[in-house]
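# Notes for the structure review
Okay, here's what each chain looks like letter by letter:
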Number of protein chains: 6
Amino acid sequence: LVNEAALIAARQNRKVVTMHDFEVAKDKVIMGAERKSMMLSDAEKRTTAYHEAGHALVAVMLPEADPLHKVTIIPRGMALGLTMQLPLDDKHSYSKNYLKAQLSILMAGRIAEEMFLQQSTTGAGNDIERATDLARKMVCEWGMSELGPLSFGKKEEQIFLGREIAQHRDYSEETALKIDEQVRKFVDEGYRVARGIIEKHRDALVRIAEALLEREILDGAEVKALIDGQNLTPMSTSNKPKPPSGDSQQVIKPEGGLRIPPIMDGGESPHPA
Amino acid sequence: LVNEAALIAARQNRKVVTMHDFEVAKDKVIMGAERKSMMLSDAEKRTTAYHEAGHALVAVMLPEADPLHKVTIIPRGMALGLTMQLPLDDKHSYSKNYLKAQLSILMAGRIAEEMFLQQSTTGAGNDIERATDLARKMVCEWGMSELGPLSFGKKEEQIFLGREIAQHRDYSEETALKIDEQVRKFVDEGYRVARGIIEKHRDALVRIAEALLEREILDGAEVKALIDGQNLTPMSTSNKPKPPSGDSQQVIKPEGGLRIPPIMDGGESPHPA
Amino acid sequence: LVNEAALIAARQNRKVVTMHDFEVAKDKVIMGAERKSMMLSDAEKRTTAYHEAGHALVAVMLPEADPLHKVTIIPRGMALGLTMQLPLDDKHSYSKNYLKAQLSILMAGRIAEEMFLQQSTTGAGNDIERATDLARKMVCEWGMSELGPLSFGKKEEQIFLGREIAQHRDYSEETALKIDEQVRKFVDEGYRVARGIIEKHRDALVRIAEALLEREILDGAEVKALIDGQNLTPMSTSNKPKPPSGDSQQVIKPEGGLRIPPIMDGGESPHPA
Amino acid sequence: LVNEAALIAARQNRKVVTMHDFEVAKDKVIMGAERKSMMLSDAEKRTTAYHEAGHALVAVMLPEADPLHKVTIIPRGMALGLTMQLPLDDKHSYSKNYLKAQLSILMAGRIAEEMFLQQSTTGAGNDIERATDLARKMVCEWGMSELGPLSFGKKEEQIFLGREIAQHRDYSEETALKIDEQVRKFVDEGYRVARGIIEKHRDALVRIAEALLEREILDGAEVKALIDGQNLTPMSTSNKPKPPSGDSQQVIKPEGGLRIPPIMDGGESPHPA
Amino acid sequence: LVNEAALIAARQNRKVVTMHDFEVAKDKVIMGAERKSMMLSDAEKRTTAYHEAGHALVAVMLPEADPLHKVTIIPRGMALGLTMQLPLDDKHSYSKNYLKAQLSILMAGRIAEEMFLQQSTTGAGNDIERATDLARKMVCEWGMSELGPLSFGKKEEQIFLGREIAQHRDYSEETALKIDEQVRKFVDEGYRVARGIIEKHRDALVRIAEALLEREILDGAEVKALIDGQNLTPMSTSNKPKPPSGDSQQVIKPEGGLRIPPIMDGGESPHPA
Amino acid sequence: LVNEAALIAARQNRKVVTMHDFEVAKDKVIMGAERKSMMLSDAEKRTTAYHEAGHALVAVMLPEADPLHKVTIIPRGMALGLTMQLPLDDKHSYSKNYLKAQLSILMAGRIAEEMFLQQSTTGAGNDIERATDLARKMVCEWGMSELGPLSFGKKEEQIFLGREIAQHRDYSEETALKIDEQVRKFVDEGYRVARGIIEKHRDALVRIAEALLEREILDGAEVKALIDGQNLTPMSTSNKPKPPSGDSQQVIKPEGGLRIPPIMDGGESPHPA
């Protein structure tokens, strides 16, 4: 990390490594390098902005969720945008309410696209997969559904390479049907809650999305201010390093990304647009 | 690419590499070398022409689809013909409407054969497989069907060789049935829309097919002109390099191929006849 | 091929390689060496003759089928007999009518055994497997059944050794049932059509079968003559090379075999008795 | 074979290799060495004798079956006894009637045990497995059942080591049910036919079984004589080599075994008791 | 074996190897070494005694079963106790009645625990697994159930390492249901028969169990005497070698174990408590 | 163990290895090293305390369960807390009543969270998995359910690496349904019993949980005293080694953990919070 920060400073011919260099370096290490070279059309930027605004708004409005850290529409890794939450403390277990909040946050991107752009895109595919996976675990591993404190499916994991190869189905077709119903119920509820929040805060969502289109990145306080109807302070360039030339252009603007803390498998889980 | 273009010019004993050489080289790189050696019977040429004309007509008529670039009945790779669309900009995510347009375009080849040649051939097999695959993803991965924002089936991909080995079915038989219904619904709708367009523009389709039989290749503007009922300018040979002898014969006629931009998995997806 | 023809001439101590040598060599390369050493009982020869006569008669009577080239009851490879069709031109795609004709031709061998010998034998096993396979592809890959232009089943082919390992079933039990019905429908129709033809041309089939028992091989023209009720010219030996001694005995009689052109997978598909 | 025959003569200190030596050698090569060392209790010998007598009687009485060659209760390989048929000529395909006769012969051993010894034993397990396998092939591969000329199940054979790994089930549950019914029908019919024959020839079966207990081996003519109610000529020892000492004791009595010709997979198929 | 017997004598500083040494050696070779070091609580000893007494009583009372040889509550290998039967002669096939008797004997351990100790323990798990396996083979391999002489399930055994990998299910769901019913029927009947015997001979079972707790091992004659209500001769120490010191303590008491002869797969099958 | 104890003493510069050192060493060997470095938030500590208090209370109140040894909320290995029982003697088999008690103890953690903290967390996931696994074995391996003394599912274990790869399902769908019902019945009953105990001893549970929050570890006697309404003696520091500096800080406080004795597979089974 220190190395990365030093490199950033060096590329800009500065001798002092600032805290800002560290923040940029941290984001790079955690989220993957930015991909400025990935050219998005205006339409895709707009889609991404509303999608991420959905995630961000719902993350702020749900008290059980971790606080919003940052939201951005600068592509990183495979994602066109990111919403990042910062947990108040390291979590070792998660409550049902926390998980339900995550389901709502995951649904919010698709909902925002539907409500404001009258479309649904493939970009929500990862959100949908993660939400379904989470809901399935709530039902099948954590005993949080109406099916009660039983586990369903036997993991076969350590055989080759220590990886889970197959979730062995050891239950009846009728049980499979009940599991499907309970999974759907969790996802549907997450959708309904998220939709309720977004419908109630239509203007706020538009303000967040438009601010994202203008600034590309917002932190939690800025999002809250927008929700409260305040104006953001005009964009200043003074507190940002000047755009360097060449490939260091990627550090022109300090950015970060809001991301949901890893709640499953220890895997990283950014919100792609 | 530059190499390929230089080679083309060299084979024709020209010292100047023209833009045309580049276009030919680009097509060769993207679509695979032409296969002039593949002898098609007149009947197969006719089938291919009507099949491709179907793809081309529907691609032009659907506003959500990418613009038509070229359509050809010169065999390339495994395909007897190709229809190529050019996206207005690089896409990173696809809207439901765009995907539905693709389904219609994929169905259009089979429909044209049925309506004008009173037959259906195995040549549409790849179109059908791709359409079904696309529709299945819309339902199972992208949450675009009446089943809502849930994913169905767990991919097991990275185990050996980084390839997807199996789409693990982790849902009930009843859910499998609903998925089948939704997949069918998407494909059927694509078929219905395409059929409606072709029935409404019967004469245009015949004109495109017949022009293809005469010229073997048409660009988007020519197809649009034919749809508008205009005559194409008589085939001139002046703006084409003279047929060289030997194996360079394959560059006699500058050709290209219309192809649908890759919308799935980053894979190439030409429309075979 | 030239080599093989030269060898044939050499074995007979001839200095001139005749067209006939080429035909024999071609048959050997395409169909595998004859197996004169495989001793068939008279009963098995009779079974084979009627079986092949069934294939041949139906192949001639169906206008959509490729023309009959040869039919033989001399064993080759694993087959006790062969019926060979010659396509008018190389085909790259096949129409539904062509495929339905193939289904009828495949069924005709079993039918002839049933009608004329009052038996059914294991010898039709390969015909049945190929017909079922073909019908299944018409339903599941080529969208030619009432199930419409959808594909069913996901091929998993390139994983190990580039071979198709499993046709992954990704559809519901109800869809499986519909597929079974459509496959049966195609096979049953092929059976019905073939039976109709054979019942209408009972005498012709007997004439073909008896001529096969006498001559062991017939070409398309001879089969047509027999269907028309004409007598074949008496067997002459003048236009045949004299039986050489030793292992070259296998070229005593120029023979060939009628075979259906490969319509699936590029695989060879002779009609075994 | 010649070697084996010479060895047999040598072990008995004879200089002349007799035809009898050849017969013994042939049986040894085909059926595996006798296992005189396997000690059967009198009860097991009796069970074996009636079991084999059942196979032998039905084999003789069914005109479609190959003629009976020998029947023995001397253990060979894994079998406690053997019934061997000799085909009139090499068969390359089998008729439905021939196969139905085989089913009856396979059932006859179990039936004889049930009727005469009021028991059923595990010894019929192999007969049952082979009969079921044969009936299943008649239904699923050879199109001989009411399900008609379709094949069911896709063999996956050549992948690893050239062996059939799995009979891939590619049909619906309803089709599976119909297959089960048809398989049962064939086996039940075989059972019924065999039982009818044995009930009608109760005395003959007892005569064959008792003769087997006395002589351990009978040839086809002897079995027929017993069926016709004739007495066998008293056992003479003159035409048998004298029991040598030591391990050559195993050739004291020239023996053979009746075995059904391989009708499936080219595999050997002795009738174990 | 001789070695082992000599060692036993040597450990006790005796020069003469007695028949008793041989018996001890034989038991060690066949059943695995005793595990005196495995400390059982009094409660577990009691459970084991009643469990084994159940096996022993039923083994004696069923005429179709092999005669009882020994019964012990000294742990050996994985088993807390053993009941051993000695077949009258080597068996190569087993009758249905013999197998049904085995089912009853297998059930008897659990029943004795239930009736006399009002409990059921995990110790009967192996009995249950073996009984179910046996009943399943009676239905699926040996054609002994109401489903008749058909086999169900295709063994796939020789592929890797010569081991049975999977019993491939090649039948319909309805057939699976019928198989389950027949398997249950066999096990239930075994349970009912065993329970009837134990209820009728309650006192005998208690006598056997209490004698086992006192003596740890009983032979067949002693068990029969106890069933007949006789007293066992008081335990004498004269005919037993004196307890040596050190690790030879394990031969203080000559012991053996009653075990059911291997009726399946040639595998060993001791009755664990 | 001795080594470990000596190391502990050495790290504290003591020359005498005390019994306490041995206890700490034993716990470390058995339960894995403590993880003081794992920082839990106050909320997580509270959740863990109530969760473990649930396990401990029910373990004490059920007479069939092994006596409670210790309960702790100091993280060890993957667990946030542990409840450890000490069996009165080594068990080699387990009675149904003992297993039912274990099911209740396993359920008690989740119940305590629900009743006192109005939440359910992912932390109970392992309890749920183990309870389901145990109940499934009671039904499928040990014949303790209404389905009777049959086993369900065939283990395929020794094939690769000696590990159980798959529990092969060899029963019908209807049987699968019945198994699901019986498994659920066992788990539900365990839940009901545990809930009854906790509701009846609400105050005791709160006292245990609060004492855990204060002291982090309690032994069986302390838990019983709390249940009886007694006060614990005030925490003294005299009988504890002083906190050393550096990484030996991990032995500041002697701790242990209550753990359920391994009842399945010989595997360790700590109760995680």
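Residues numbered from 1 in each chain as written. Chains lettered and ligands numbered in written order. Predicted model: local features only at pLDDT ≥ 70, side-chain atom pairs only at ≥ 80, totals over all residues. Heavy atoms only, no water.

## Some words on the interface of chain B and chain A
The partner chain A presents 34 residues to the 30 residues of chain B that form the contact. Between chain B and chain A we count 1 salt bridge in total. Between A:Arg136 and B:Asp170 there is a salt bridge; the shortest N-O distance is 3.7 Å. Linking chain B to chain A there are 12 residue pairs in polar contact (both at pLDDT 80 or more). Looking at the side of chain B that touches chain A, the elements that each hand over two or more residues are helix H4 (96–117), strand S3 (154–156) and helix H6 (173–200) of chain B. Classifying every residue of the side of chain B that touches chain A gives 10 nonpolar, 9 polar and 11 charged. (Contact = heavy atoms within 4.5 Å. Salt bridge = Lys/Arg side-chain N within 4 Å of Asp/Glu carboxyl O. Polar contact = N/O pair within 3.5 Å; in protein donor to acceptor, adjacent residues only side chain to side chain. Helix = DSSP H or I, 4+ residues; strand = E, 2+ residues; numbered from the N terminus. Nonpolar A, V, L, I, M, F, W, Y, C, P; charged D, E, K, R; others polar.)

## Things to note about the sheet that holds strand S5 (residues 217–219) of chain D
All names here are of chain D. Spatially, the 3 strands line up as an open sheet ordered S2-S1-S5, and their pairing is antiparallel. Looking at the sheet topology across the chains shown, the edges are occupied by strand S2 (82–85) and S5. For this sheet, the mean inter-axis angle between neighbouring strands, taken without regard to orientation, is 10°. Each of strand S1 (68–72) and S5 is contacted by helix H7 (residues 202–215), which is oriented at about 125° to S5, the strand it contacts most. (Pairing = 2+ DSSP bridges. Axes fitted to C-alpha atoms, helices over the stretch in contact; angles between N-to-C directions.)

## Describing the packing of helix H4 (residues 96–117) of chain A against helix H6 (residues 173–200) of chain A
Residues and elements named next belong to chain A. With their axes 7 Å apart at the nearest point, H4 and H6 run at an angle of 60° to one another. Considering the angle they form, H4 stands oblique to H6. Between H4 and H6 lies a crossing whose hand is right-handed. Side by side, H4 and H6 meet where Lys96, Lys100, Leu103, Ser104, Met107, Ala108, Ile111, Ala112, Glu114, Met115 and Phe116 of the first sit next to Phe186, Val187, Glu189, Gly190, Tyr191, Val193, Ala194, Arg195, Ile198 and Glu199 of the second. Of the residues assigned to the contact of H4 with H6, the class counts are 13 nonpolar, 2 polar and 6 charged. (Parallel < 35°, antiparallel > 145°, perpendicular 65-115°, else oblique. Left-handed = near helix turned anticlockwise from the far one by under 90°.)

## Side note on the pattern of salt bridges
For the structure on display, the rule yields 56 salt bridges over all chains. Linking C:Glu222 and C:Arg215 is a salt bridge whose minimum nitrogen-to-oxygen distance equals 3.7 Å. Assessed through its relative accessible area of 9%, C:Arg215 is described here as buried. When salt bridges that share partners are traced, they join A:Glu114, A:Arg195 and A:Glu199 into one network. (Buried < 20%, exposed > 50% of the residue type's maximum accessible area, 1.4 Å probe, protein only.)

## A few points about the side chain of C:Thr47
All names here are of chain C. Looking at where threonine 47 falls in the secondary structure, it is placed in helix H3 (residues 42–61). By relative accessible area, threonine 47 is classed as buried at 12%. Each residue touching threonine 47, except ones within four places of it in the same chain, is listed here: Glu113, Leu117, Gln119 and Thr121.

## Comments concerning the packing of aromatic side chains
In the structure shown here, the tally under the stated rule is 18 aromatic pairs over all chains. Over the ring of A:Phe116 we find A:Arg202; its NZ or CZ atom is 5.4 Å from the centre of that ring. (Phe/Tyr/Trp six-rings, centres within 6.5 Å; stacked < 30°, edge-to-face > 60°. Lys NZ or Arg CZ within 6 Å of the ring centre and 35° of its normal.)

## With respect to the relation of the copies chain B and chain A
The transform that puts chain B on chain A rotates by 60° and translates by 0.3 Å along the axis, for an RMSD of 0.1 Å. Both copies of the chain, as the preceding transformation shows, are related through a six-fold rotation axis. Judged by C-alpha distance, B:Glu173 is the residue of chain B that lies nearest the rotation axis, at 7.2 Å. Both copies present different contact surfaces, since only 3% of the interface residues of chain B are interface residues in chain A too. (Least-squares fit on C-alpha atoms with pLDDT ≥ 70 in both.)

## Digging into the packing of helix H7 (residues 202–215) of chain A against helix H8 (residues 220–227) of chain A
Residue and element names in this part refer to chain A. Remark: H7 packs on H8, axes separated minimally by 8 Å, with the N-to-C direction vectors making an angle of 135°. Looking at the two axes, H7 sits oblique to H8. Our pair here, H7 against H8, has a crossing hand that is right-handed. Every residue of H8 that contacts H7 at Ala204, Arg207, Ile208, Ala211 and Arg215 is listed here: Glu222, Val223, Leu226 and Ile227. Class assignment of the residues belonging to the contact of H7 with H8 gives a composition of 6 nonpolar, no polar and 3 charged.

## Some remarks on the interface of chain C and chain B
Opposite the 30 residues of chain C that make contact, chain B presents 34 residues. A buried area of about 2,600 Å², summed over both sides, lies between chain C and chain B, and 52% of it is on carbon and sulfur atoms. Summed over the shared surface of chain C and chain B, the number is 1 salt bridge. Counting the contacts that link chain C with chain B gives 12 residue pairs in polar contact (both at pLDDT 80 or more). When contributions to the side of chain C that touches chain B are tallied by element, the ones reaching two or more residues are helix H4 (96–117), strand S3 (154–156) and helix H6 (173–200) of chain C. When the residues that make up the side of chain C that touches chain B are grouped by side-chain class, the tally is 10 nonpolar, 9 polar and 11 charged. (Buried area = accessible area lost by both parts, 1.4 Å probe.)

## Overview of the pairing of strand S2 (residues 82–85) of chain F
Residue and element names in this part refer to chain F. The side-chain alternation of S2 yields two buried faces, one formed by Leu82 and Met84 and the other by Thr83 and Gln85. Direction of pairing for strand S1 (residues 68–72) relative to S2: antiparallel, over a ladder of 4 bridges. Each bridged residue has a counterpart across the sheet, and for leucine 68 the counterpart in S2 is glutamine 85.

## Some remarks on the sheet that holds strand S1 (residues 68–72) of chain C
Residue and element names in this part refer to chain C. Pairing within the open sheet is antiparallel, and its 3 strands lie in the order S2-S1-S5. The open sheet has two edge strands, strand S2 (82–85) and strand S5 (217–219), and neither has a second partner. Each neighbouring strand pair of the sheet contributes to a mean axis angle of 10°, computed without reference to strand direction. Packed onto the sheet, helix H7 (residues 202–215) meets S1 and S5 and runs at close to 125° relative to S5.

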